[in-house]
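Read off the chains here:
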Amino acid sequence: MNIHKIKDVKVLKYMIIEVTFYNEIIKEYDIKPLLKRFEAFKKLTDPETFNKVKVDVGGYGIVWNKNIDLSSEEIWKNGIDK
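Report follows, based on the coordinates.

Cut-offs used in this document
Residues numbered from 1 in each chain as written. Predicted model: local features only at pLDDT ≥ 70, side-chain atom pairs only at ≥ 80, totals over all residues. Heavy atoms only, no water. Buried < 20%, exposed > 50% of the residue type's maximum accessible area, 1.4 Å probe, protein only. Helix = DSSP H or I, 4+ residues; strand = E, 2+ residues; numbered from the N terminus. Pairing = 2+ DSSP bridges. Phe/Tyr/Trp six-rings, centres within 6.5 Å; stacked < 30°, edge-to-face > 60°. Lys NZ or Arg CZ within 6 Å of the ring centre and 35° of its normal.

**What to know about the pairing of strand 3 (residues 26–30)**
Step number 1: The two faces of strand 3 differ: Lys 27 and Tyr 29 on one face are buried, but Ile 26, Glu 28 and Asp 30 on the other face are not.
Step number 2: Where strand 2 (residues 16–21) and strand 3 come together, 5 bridges link them in antiparallel fashion. Bridge pairing in strand 3 links Thr 20 to Ile 26.
Step number 3: Remark: 4 residues form the turn of the hairpin made by strand 2 and strand 3, two consecutive strands paired antiparallel; Glu 24 in that turn has positive phi of roughly 75°.
Step number 4: Taken together, the 2 bridges between strand 3 and strand 7 (residues 80–81) define a ladder with antiparallel strand orientation. Paired with Lys 27 across the bridge in strand 7 is Asp 81.

**Some points on the packing of aromatic side chains**
Aromatic ring pairs are reported here in terms of the distance separating the ring centres and the angle at which the planes meet.
Step number 1: Evaluation of the coordinates by the stated rule reveals 5 aromatic pairs.
Step number 2: Consider the rings of Tyr 14 and Phe 50, whose centres lie 6.4 Å apart with planes at 55°: the pair is tilted. Here Tyr 14, found in the loop between strand 1 (6–13) and strand 2, pairs with Phe 50, found in helix 2 (residues 47–50); they are 36 residues apart in sequence, far enough to count as distant.
Step number 3: Here Phe 50 falls in the buried class, since its relative accessible area comes to 1%.
Step number 4: Here the aromatic rings of Phe 38 and Phe 41 are separated by 5.9 Å at their centres, their planes lie at 55°, and the arrangement is tilted.
Step number 5: Taking the relative accessible area as the measure of exposure, Phe 38 reaches 35% and is therefore partly exposed.
Step number 6: Judged by its relative accessible area of 7%, Phe 41 falls in the buried class.
Step number 7: Taken together, the ring pairs in this structure connect Tyr 14, Phe 38, Phe 41, Phe 50 and Trp 64 into an aromatic cluster.
Step number 8: The cationic tip of Lys 27 hangs over the ring face of Trp 76; the distance from NZ or CZ to the ring centre is 4.7 Å.

Written out as structure tokens, the structure is:
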């Protein structure tokens, strides 16, 4: 299995992030659908919390805090190519 490691993440606008992978592919990912599926993601409706996103150690995902994270494979699979 090929793991798609994340190099960088930035907030584009409210609930939208841009993720750059080590292979230089860039994906745009909308967080809003996760709000309906997972209670923890509702905390991201606070812009201050949402803007704290960073790449997790090792590049295997992104994190906002110790309770909210998202895997690189989720972003790779469901993100939109830029």
